[in-house]
Amino acid sequence: MHGKGSPAEQPFNCPTWQPPSYNVTCFPPRLFSQSALDPDPDFPNNFSWTGKWCADGSSLMVQCENRSFQVFEISLSLPSIAASDISLTHTKTFTQHAPIIDFTWYPGALRHNLPSYCFVATVRECPMKLLDGRDGRLRASYPIVDHRERYIAPHSVAFNLTADKLYCGFEDAIEIFDVQRPGEGDRLQTTPSKKSKDGLKGIISAIAFSLSLEYYAARSLTPASHASDNISLFDESALGPVLSIGGVSSLEKGGVMQLMFSPTHPHMLYASFRRSEKIWGWDLRGDASSPLCCFASASESNMPTEKDLTNQETRFDIESTGKWLAAGNQMGKIMMYDLGFEGEDGEEFGGKVREIRPLLSYEAHGSMPSISLHLFRY
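Numbers given to residues run from 1 along each chain, matching the order in which its sequence is written. Reporting of local features is limited, given that this is a predicted model, to residues whose pLDDT is at least 70; pairs of side-chain atoms are given and counted only at 80 or more, and all residues count toward the totals for whole chains, interfaces and linings. Each side-chain value is worked out from all heavy atoms of the structure, with water and hydrogens disregarded.

Asks: Explain the overall build of the protein residue by residue, including any values.
Replies: The numbering of helices and of strands both runs from the N terminus, where a helix is a DSSP run of H or I of at least 4 residues and a strand a run of E of at least 2. Scanning the protein for helices and strands turns up zero helices and 25 strands. Burial here depends on accessible area, computed with a 1.4 Å probe over protein chains only, as a share of the maximum for the residue type. Under 20% is buried, over 50% is exposed, and the range in between is partly exposed. In the protein, which comprises 378 residues, the proportion classed as buried is 51%. A separation of at least 24 residues holds for 54% of the contacts in the protein among residues at least 6 apart in sequence. Looking at the protein as shown, the accessible area adds up to about 17,500 Å², and 50% of this sits on carbon and sulfur atoms. Here, two residues are considered to be in contact whenever any of their heavy atoms come within 4.5 Å of each other. Surface accessibility in these figures is a Shrake-Rupley result with a 1.4 Å probe; residues are shielded only by whichever protein chains are displayed.

Asks: Before we move on, could you go through the packing of aromatic side chains and cite the residues and values that matter?
Replies: A pair of aromatic rings is counted whenever rings of Phe, Tyr or Trp (Trp by its six-membered ring) have centres within 6.5 Å, and the orientation is called stacked for planes under 30 degrees apart, edge-to-face for over 60 and tilted otherwise. Tallying each qualifying case throughout the model produces 14 aromatic pairs. Centre to centre, the rings of Tyr216 and Phe234 are 5.2 Å apart; their planes meet at 10°, and the pair counts as stacked. Residue Tyr216 is located in strand S14 (residues 215-220), and its partner Phe234 is located in strand S15 (residues 231-235); the two are separated by 18 residues in the primary sequence. Among the residues examined, Tyr216 registers a relative accessible area of 1% and is labelled buried. Here the aromatic residues Phe69, Phe94, Phe103, Trp105, Tyr117 and Phe119 are joined through ring pairs into a cluster of three or more. In this structure, Lys52 is placed above the aromatic ring of Phe103, and the distance from its NZ or CZ to the ring centre is 4.6 Å. Taking the ring centre of Trp324 as reference, the NZ or CZ of Lys323 above it sits at 5.6 Å. Charges are assigned to positions over rings by a cutoff of 6 Å between ring centre and Lys NZ or Arg CZ, combined with an angular limit of 35 degrees from the ring normal.

Asks: Tell me about the nonpolar core, residues and numbers included.
Replies: We define a nonpolar core as any set of buried Ala, Val, Leu, Ile, Met, Phe, Trp, Tyr and Cys residues linked to one another through side-chain atoms lying within 4.5 Å. Residues Ile231, Ile245, Leu259, Leu269, Phe273, Trp282 and Leu284 are the most contacted members of the largest nonpolar core, which totals 19 residues. Elements supplying a minimum of two residues to this core: strand S13 (204-209), S15, strand S17 (256-261), strand S18 (268-273) and strand S19 (279-283).

Asks: Please give an account of the state of the cysteines that cites residues and values.
Replies: Two cysteine sulfurs form a disulfide in these notes if their separation is within 2.5 Å. Counting across every chain of the model gives zero disulfides. We note that Cys293 lacks a disulfide partner, and the nearest cysteine sulfur, in Cys294, lies 7.7 Å from it. Residue Cys293 is classed as buried on the basis of its relative accessible area, which comes to 0%.

Asks: How would you sum up the sheet that holds strand S5 (residues 100-105)? Please name residues and give values.
Replies: When DSSP finds two or more bridges between two strands, those strands count as paired. Sheet architecture is open: four strands sit in the order S5-S6-S7-S8, paired in antiparallel fashion. Each edge of the sheet is formed by a strand with only one pairing partner; in this case those strands are S5 and strand S8 (138-142). Put simply, the sheet's adjacent strands are angled 20° from each other on average, direction ignored. Pairing geometry for strand S7 (residues 128-132) and S8, over four bridges, is antiparallel. Within S8, the position partnered with Leu130 by the bridge is Ala140. Convention adopted: a line fitted to C-alpha atoms gives each axis, helices being fitted over their contacting stretch, and angles between N-to-C directions are expressed from 0 to 180 degrees.

Asks: Outline unusual backbone geometry, listing residues and values.
Replies: The backbone of Glu125 shows a phi angle near 60°, a positive value even though the residue is not glycine. Within the secondary structure layout, Glu125 lies in the loop between strand S6 (118-123) and S7. Here the phi dihedral of Asp172 falls at roughly 60°; this positive angle occurs in a residue that is not glycine. The residue Asp172 is located in the loop between strand S10 (165-170) and strand S11 (173-178) in this model.

Asks: Now, about the sheet that holds strand S16 (residues 241-245): what can you tell me, with residues and values included?
Replies: What the four strands build is an open sheet, ordered S13-S14-S15-S16; its pairing is antiparallel. Where the open sheet ends on each side, the last strands, each with one partner, are S13 and S16. Within this sheet the neighbouring strands show an average axis-to-axis angle of 25°, counted without direction. Sheet analysis places S13 next to S14, joined by five bridges and oriented antiparallel. The residue bridging Ile204 from the neighbouring strand is Ser220, located in S14.

Asks: Tell me about the side chain of Ser210, residues and numbers included.
Replies: Relative to the elements of secondary structure, Ser210 occurs in the loop between S13 and S14. Polar contacts, as counted here, are pairs of nitrogen or oxygen atoms within 3.5 Å of one another; within protein the pair requires one atom able to donate a hydrogen and one able to accept it, and residues that are adjacent in sequence qualify only if both atoms are side-chain atoms. Of the polar contacts made by the side chain of Ser210, one reaches the backbone oxygen of Pro266; its length is 3.2 Å. If we ignore the near neighbours within four places in the chain, the residues touching Ser210 are Leu161, Tyr215, Phe261 and Pro266.

Asks: Any details on the confidence of the model for the protein? Residues and values, ideally.
Replies: Per-residue confidence from the predictor is reported as pLDDT, a score between 0 and 100. Looking at the protein as a whole, the pLDDT averages 83, with 84% of positions reaching at least 70. Across the protein, the secondary-structure element scoring lowest on mean pLDDT is strand S25 (residues 360-363), at 85, and the one scoring highest is S6, at 97. Counting contacts from residues 1-15, a segment whose pLDDT is below 50, to residues more than four positions away or on other chains yields 52 contacts. pLDDT under 50 marks residues 342-350. Its contacts with residues more than four places away, or in other chains, come to 17 contacts.

Asks: Explain the pattern of salt bridges residue by residue, including any values.
Replies: Counted as salt bridges are all cases of a side-chain nitrogen of Lys or Arg within 4 Å of a carboxyl oxygen of Asp or Glu. Taken as a whole, this structure holds 13 salt bridges when the rule is applied. Among the salt bridges present, the one from Asp102 reaches Lys52, with a minimum N-O distance of 3.6 Å. Taken together, the residues Asp102 in strand S5 and Lys52 in strand S1 (residues 48-53) connect sequence positions 50 residues apart. When sorted by exposure, Asp102 lands in the same class as Lys52, which is buried. Among the ionic contacts, a cluster of salt bridges with common partners joins Asp132, Arg134, Asp135, Arg137 and Arg139.

Asks: Residues and numbers for the pairing of strand S2 (residues 59-64), please.
Replies: Consecutive side chains of a regular strand alternate in pointing toward one face of the sheet and then the other. When you tally the buried positions in S2, you get six out of six residues, the bulk of the element. Joining the antiparallel neighbours S1 and S2 is a turn of five residues, in which Gly57 adopts a positive phi near 75°.

Asks: An account of the side chain of Ser59 is requested, with residue identities and associated values reported.
Replies: Along the chain, the position of Ser59 falls in strand S2. Residue classification places Ser59 among the buried residues on the basis of a relative accessible area of 0%. One polar contact links Ser59 to Tyr117, side chain to side chain, over a distance of 2.7 Å. In this structure, Ser59 is in contact with Lys52, Trp53, Cys54, Val71, Phe72, Glu73, Trp105, Arg111 and Tyr117, ignoring residues within four places of it in sequence.

Spelled out as structure tokens, the structure:
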């Protein structure tokens, strides 16, 4: 965990919370704590793919290459904020018998509230699992079955805003489950047929909900073309997409890797693409056929060449006040972008949307495929 700035004034179990305060003028940021993965003698070169904080920021779940989830707990000694006062400690490992595809915490997961402390995991050729965050035991399963009666592990999973529905994306469809009633769900086809050019085609590999609207966005790994986009906006009560989002088919040749709405500006949607260092943003109140902005590296010289780009999935994050976006890249850099322009009209120069450069860019590690911002600091 890399960080600087002012933490909250209260510990995790206190009901009072204050938003984080970031100072991007200090370079380089101070490293508060670091922790190694749980050693695996059968997989000595194990590494992490991505990490996600639970709702109260007390636990970090890490997805690893050796088919395991590893949980790290953070402790703070307040009010002093010396580096020695903060620790990130490995506490448990949950090993799966097949490759992990995706996971997400239950939206209200709190370490000291045991009923809520759980997460959903998708594991290849298995029903989707609701697992206990303390011991990894199975609480419930939600199967997706294809026409050959084989289990399908979805490539994306997300809870809706009320946390009573679970949305799972796979080939040309989204399966919707009632969280309180384990078993089969309702299937929403994202395209009329395999041969149709309409709708969202291919693997639905990301689903993101707007935090104040009954809408969610879904994306496909199939590259966009002039005939069809690979991001669509859905209404929870509708049976199909209500808006197509695009405008980058000539600029991005890969599929969409991640979608995320701004937590304070629900009309702003951001997306990253495969084999690309850029993040694109759309204002859904206007013309969604063209992006409003593009977040790029600090300079063109810092961007890897086409032959150096890999298919490695990268994940960005937006902090809780909607002010800052953080992203990493395969070159080991972390970049912080100011989202203060949100709501303004995009300025176009020669047909190009507004390009935003980071206010802070620094070397962090050999490769930084995933960034996850903490509730109190980054």
